[in-house]
Amino acid sequence: MNCESNTDPLIVYADIISLPHHQSAFRPHMSLHDRAAQFAPFAALSGYEEMVDEEARLTDREISLGDSDLDLLDRQFRRLSEMLSGGQLPRVTLLVFIPDPRKAGGRYETVTGRVRRLEPAEKKLFLLDDAVPPRQRCLEMDRILDLSFE
């Protein structure tokens, strides 16, 4: 029989169309849900959406301060050090650049709290911030762009 010349399925499959559907005597019949799951789409590019979202996430570039701004900041750090030496725990508001751990750049954050310790040799500032609950934070002095006392 030539299949190309006749496309009527009743004629093409006439020899098998009336045969009974095969049922296995050893395996249970598969449910429609399980049969559909075999043909469900799968994520061939797993992680692709997360990668696209990460690439689309914007970060800020770190600002470099000029000499006059650095001098002003240095004077404020000296004043802060004197206050800490005098037994005070001054309240400050800082503008800090927080580097992004996954890509170039980062974000700017305003942090308010009480300074606990200043370590100029290691360029670290420790403070108890005003978050709820309060948390001890260690900030790099090189990342601080502005410091104001309250």
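Anything mentioned here points back to the structure above.
Small disclaimer: the values here were computed from a predicted structure and weren't measured.

### What about the overall build of the protein?
Across its full length, the protein holds four helices and five strands. When its helices and strands are written in sequence order, the protein yields α-α-α-α-β-β-β-β-β. Taken over the C-alpha trace, the protein has a radius of gyration of 35 Å; the compact-globule value for 150 residues is 15 Å, which it surpasses by more than 25%. The principal-axis extents of the C-alpha atoms in the protein amount to approximately 105 × 35 × 25 Å. Taking all 150 residues of the protein together, 21% fall into the buried category. Taking contacts inside the protein between residues at least 6 apart in sequence as the whole, the part at least 24 apart equals 48%. Accessible area of the protein: about 11,900 Å², with a carbon and sulfur share of 55%. Averaging the positions of the 19 positive and the 26 negative side-chain charges in the protein gives two centres separated by 9 Å.

### Quick notes on the side chain of Asp-129
Along the polypeptide, Asp-129 turns up in strand β3 (residues 124–129). The exposure class assigned to Asp-129 is buried, which follows from its relative accessible area of 5%. At 3.2 Å, the side chain of Asp-129 and the backbone nitrogen of Ala-131 are in polar contact. In this structure the side chain of Asp-129 is engaged in a polar contact, spanning 2.9 Å, whose partner is the side chain of Arg-135. The contact partners of Asp-129, leaving out residues within four places of it in the chain, are Val-111, Thr-112, Gly-113, Pro-134, Arg-135 and Arg-137.

### Observations regarding the pattern of salt bridges
The tally for this structure, following the rule as stated, stands at 14 salt bridges. The residue Glu-109 makes a salt bridge to Arg-107 at a minimum N-O spacing of 3.2 Å. Overall, Glu-109 belongs to the buried group, its relative accessible area being 18%. Among the ionic pairs, Arg-137 bridges to Glu-109, the shortest N-O distance being 2.8 Å. Of this pair, Arg-137 sits in strand β4 (residues 136–140) while Glu-109 sits in strand β2 (residues 106–119), and the two are 28 residues apart along the sequence. This pair shows no difference in class: Arg-137 is buried, exactly as Glu-109 is. Because the salt bridges share partners, they merge into one network encompassing Arg-107, Glu-109, Asp-129, Arg-135 and Arg-137.

### Things to note about the pairing of β3
Two strands pair when backbone bridges link them, and β2 and β3 are joined in this way by six bridges, in the antiparallel orientation. The residue bridging Leu-118 from the neighbouring strand is Leu-125, located in β3. Counting the residues between successive antiparallel strands, the hairpin from β2 to β3 contains four residues, one of them, Lys-123, with a positive phi of roughly 55 degrees. As defined by bridge partners, β3 adjoins β4 across five bridges and the pair is classed as antiparallel. The partner of Leu-125 across the bridge, within β4, is Leu-139.

### Considering a nonpolar patch on the surface
Where nonpolar side chains cluster on the molecular surface, the patch consists of Leu-10, Ile-11, Tyr-13, Ile-16, Ile-17 and Leu-19 and spans about 610 Å² of accessible area. As for its placement among the helices and strands, Ile-17 is situated in the loop between α1 (9–12) and α2 (32–38).

### Comments concerning the sheet that holds β2
Pairing is antiparallel in the open sheet, where five strands are placed in the order β4-β3-β2-β1-β5. Whereas interior strands pair on both sides, the edge strands pair on one side only; in this sheet they are β4 and β5 (144–149). Strand-to-strand twist across the sheet, computed as the mean angle between neighbouring axes with direction ignored, equals 45 degrees. Of the pairings in the sheet, the one linking strand β1 (residues 91–99) to β2 comprises nine bridges and is antiparallel in character. Residue Phe-97 lies in a different strand from β2, and its bridge partner there is Tyr-108. Sheet strands in contact with helix α4 (residues 67–85) are β1, β2, β3 and β5, and its direction is about 50 degrees off that of β5.

Conventions and cut-offs
Residues numbered from 1 in each chain as written. Predicted model: local features only at pLDDT ≥ 70, side-chain atom pairs only at ≥ 80, totals over all residues. Heavy atoms only, no water. Helix = DSSP H or I, 4+ residues; strand = E, 2+ residues; numbered from the N terminus. Rg over C-alpha atoms; globule rule 2.2 N^0.38 Å. Buried < 20%, exposed > 50% of the residue type's maximum accessible area, 1.4 Å probe, protein only. Contact = heavy atoms within 4.5 Å. Areas by Shrake-Rupley, 256 points an atom, 1.4 Å probe, with all protein chains shown as cover. Lys, Arg positive; Asp, Glu negative; His and termini not counted. Charge placed at Lys NZ, Arg CZ, Asp CG, Glu CD. Polar contact = N/O pair within 3.5 Å; in protein donor to acceptor, adjacent residues only side chain to side chain. Salt bridge = Lys/Arg side-chain N within 4 Å of Asp/Glu carboxyl O. Pairing = 2+ DSSP bridges. Patch = residues over 30% accessible without salt bridge, like charges linked within 9 Å, V, L, I, M, F, W, Y side chains within 5 Å. Axes fitted to C-alpha atoms, helices over the stretch in contact; angles between N-to-C directions.

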